[in-house]
Amino acid sequence: MDLQDKDGSGRRRVYLDHNATAPLHPQARAAALACMDGPCNASSIHAQGRAARAVVEKARGEVARLVGAPGRNVVFTSGATEALALALQPDMELAGKPVHCDILLASAVEHPAVLRGHRFADMETIEVDASGRLVPDALEEALERHAAAGRRALVAIMAANNETGVLQPVAEAARLAHRHGAVVLCDAVQAAGRVNLDIKALDVDFLALSAHKIGGLQGAGALVSAEATHRLPALLAGGGQERGRRGGTENVPAIAAFGAAAKRALESRESEAARLCSLRDRLERAILETVSGSHVIGHDAERLANTTLIAFENVRAETLVIALDLAHISVSSGAACSSGKVGASHVLAAMGVDAAHASGAVRLSLGWSSDGRDIDLAVAAFGEVVPRVRGRPVRTV
Ligand code: PLP
């Protein structure tokens, strides 16, 4: 499929949905293709197996460097959903010592992979403020309450929200959590490659990453631990791959692409953040000027440079997304779930955005493939499409 010209009409397609998945970056593609032809089992002893092992270990180092960790702290998984599920278990070893967590404390705006992917009998969500930022006092209150009852918590806090791009106070939350003996997991899927991430500076115990959000292939992710001696029970025991932490033959092409994407993301992070911020701000400004009744959600918080969530008054986001698709613009409804179906966004509900406003929210997320022409085409399309779909009921397909 050609992203630029999906229907063969020769018309350019504007892809503004990098938070859903980024197009495969050419450097990642080259790295994957380089290991597609040979047999690639990294556990085999022969020359081809050793070559595959070298590819995996090189990628491990590259992924680790993106978050300031040593390579041995990286466990490759099938994606961030699996990496998060691996970490969201009550029993683990930290620095070689067994630790049991009694409750999961998760920010109310976590991804469903956290809110629904855990194995805790008990979970509490921690409130966010109107701009979508975790309220540290609320976390502290919950930590104190549970610590007083002799209960240890696992705290899950994302680095950046996938719908709004709002950055979370991870280091502050981790400091509070550790002061109360809690363990900290950070979902860094959307922040990776977009902001500076250092696992030690953030002071988190585990951090989850996904390859396909940074220009790698789908089917690879990683759980990175602050110490190589942190250990979680393997979800898949299998053949003992990943030093017994995750069984199953490694997906060598996807891991190679992940490494290449991580390397590129790290090397270009600052210049890309500046470039995307200027494109995003231009896009926001032009849409707000061109389209009446449009509002940026979370604009007063620190946000990722690539993301904007815009609510359009008296518009159904689903209708707008479909109309924009017909105009060759790919965006997501703010409330889109993984299946593409639309439900009330738990993120916007947690921020106290009223339902009428939330139902007209559309997420635009930029990335390595975005340029100024995309912005011009998107602004023109919003200016034409929004007035046309305003007040229209949801169209079912
Ligand atoms: N966490 C966040 C914040 C995400 O945006 C996503 C994907 O949308 C995930 C986790 C799950 O990642 P994966 O698709 O690699 O399983």
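Just above, that's the structure.
Now for a quick tour of the structure.

Calculation criteria
- Residues numbered from 1 in each chain as written.
- Predicted model: local features only at pLDDT ≥ 70, side-chain atom pairs only at ≥ 80, totals over all residues.
- Heavy atoms only, no water.
- Near = heavy atom within 4 Å.
- Polar contact = N/O pair within 3.5 Å; in protein donor to acceptor, adjacent residues only side chain to side chain.
- Helix = DSSP H or I, 4+ residues; strand = E, 2+ residues; numbered from the N terminus.
- Nonpolar A, V, L, I, M, F, W, Y, C, P; charged D, E, K, R; others polar.
- Expected span 1.5 Å × (residues − 1).
- Buried < 20%, exposed > 50% of the residue type's maximum accessible area, 1.4 Å probe, protein only.
- Bend = angle between axes of the 7 residues up to and from the residue.
- Pairing = 2+ DSSP bridges.
- Contact = heavy atoms within 4.5 Å.
- Right-handed = clockwise from strand over helix to strand, strands pointing away.
- Axes fitted to C-alpha atoms, helices over the stretch in contact; angles between N-to-C directions.
- Salt bridge = Lys/Arg side-chain N within 4 Å of Asp/Glu carboxyl O.

### Here's the deal with the site of the ligand
Logical step 1: Near the ligand you find 13 residues, and of these Thr-81, Asp-187, Gln-190, Ser-210 and Lys-213 are the closest.
Logical step 2: Contact distances for the ligand include 2.6 Å between an oxygen atom and a side-chain N or O atom of Thr-81.
Logical step 3: His-212 is positioned such that a nitrogen or oxygen atom in its side chain is 2.8 Å from an oxygen atom of the ligand.
Logical step 4: It is helix H3 (residues 80-87) that contributes the most residues to the shell around the ligand, three residues altogether.
Logical step 5: Taken together, the residues of the shell around the ligand break down into four nonpolar, seven polar and two charged.

### Points about helix H12 (residues 372-389)
Logical step 1: In this model, H12 (18 residues) spans 26 Å end to end at C-alpha, consistent with the 26 Å of a helix rising 1.5 Å per residue.
Logical step 2: Regarding H12, the residues found buried are Asp-374, Ile-375, Ala-378, Val-379, Ala-381, Phe-382, Val-385, Val-386 and Val-389.
Logical step 3: By the N-cap criterion, in which a side-chain oxygen at the helix start approaches the backbone nitrogen of a residue two or three places on, H12 is capped by Asp-371, the distance to Arg-373 being 3.1 Å.

### Considering helix H8 (residues 252-290)
Residues that lie three or four places apart on an α-helix share one face, since the helix turns once every 3.6 residues.
Logical step 1: End to end, H8 covers just 47 Å across 39 residues, shorter than the expected 57 Å (1.5 Å per residue, more than 12% under).
Logical step 2: Helix geometry: H8 is bent most strongly at Arg-269, by close to 70 degrees.

### Re the pairing of strand E2 (residues 74-77)
Logical step 1: Burial of the side chains of E2 extends over both faces: Val-74 and Phe-76 are buried on one face and Val-75 and Thr-77 on the other.
Logical step 2: As paired elements, E2 and strand E10 (residues 221-225) share four bridges and run antiparallel to each other. Bridged to Thr-77 within E10 is Gly-221.

### What to know about the environment of Ala-52
Logical step 1: Relative to the assigned elements, Ala-52 resides in helix H2 (residues 47-66).
Logical step 2: When the C-alpha atoms of Ala-52 and Cys-40 are compared, they prove to be 5.3 Å apart, with twelve residues separating the residues in sequence.
Logical step 3: Excluding its chain neighbours within four sequence positions, the residues that come into contact with Ala-52 are Cys-40, Asn-41, Ala-42 and Val-252.

### What to know about the pairing of strand E8 (residues 183-187)
Logical step 1: E8 sits mainly inside the fold: five of its five residues count as buried.
Logical step 2: Alternating positions in E8 separate into two faces, Val-183, Leu-185 and Asp-187 on one and Val-184 and Cys-186 on the other, with burial throughout.
Logical step 3: Where strand E7 (residues 153-158) lies against E8, five bridges are found, and the strand directions are parallel. Bridge assignment links Leu-154 to a residue of E8, and that residue is Val-183.
Logical step 4: Chirality of the crossover, the property in question, places the unit of E7, helix H6 (residues 170-179) and E8 among those that are right-handed.

### Let's talk about the sheet that holds strand E14 (residues 332-333)
To summarise the sheet geometry, strands pair through backbone hydrogen bonds and adopt either a parallel or an antiparallel arrangement.
Logical step 1: Strand order in the open sheet formed by four strands is E11-E12-E15-E14, and the pairing between neighbours is antiparallel. The open sheet has two edge strands, strand E11 (294-296) and E14, and neither has a second partner.
Logical step 2: The sheet strands contacting helix H9 (residues 317-326) are strand E12 (307-312), E14 and strand E15 (361-365), and the helix crosses E15 at an angle near 45 degrees.

### Some thoughts on the sheet that holds strand E9 (residues 206-210)
Logical step 1: Taken in spatial order, the seven strands make up an open sheet running E2-E10-E9-E8-E7-E5-E6, and their pairing is mixed. Of all the strands in the sheet, just E2 and strand E6 (123-126) have a single pairing partner and so form its edges. The mean angle between the axes of side-by-side strands here comes to 20 degrees, regardless of whether they run parallel or antiparallel.
Logical step 2: Along the sheet face, helix H5 (residues 136-148) touches strand E5 (103-107), E6 and E7 and points at about 155 degrees away from the line of E6.

### Digging into the pattern of salt bridges
Logical step 1: Evaluation of the coordinates by the stated rule reveals 24 salt bridges.
Logical step 2: Measuring nitrogen to oxygen at the nearest pair gives 2.7 Å for the salt bridge that ties Glu-57 to Arg-60. With Glu-57 and Arg-60 both in helix H2, this residue pair falls three residues apart, about one helical turn.
Logical step 3: Looking at Glu-57, the relative accessible area reads 34%, which means it is partly exposed.
Logical step 4: Its relative accessible area of 8% is what places Arg-60 among the buried residues.
Logical step 5: Measuring nitrogen to oxygen at the nearest pair gives 3.5 Å for the salt bridge that ties Arg-179 to Glu-140. Linking Arg-179 in helix H6 with Glu-140 in helix H5, this pair joins segments that are 39 residues apart in sequence.
Logical step 6: For Arg-179, a relative accessible area of 54% puts it in the exposed group.
Logical step 7: A residue is classified by how much of its surface remains accessible, and Glu-140, at 22% relative accessible area, is partly exposed.
Logical step 8: Bridged by salt links that share partners, the residues Arg-53, Glu-57, Arg-60, Glu-242 and Glu-250 form one connected network.

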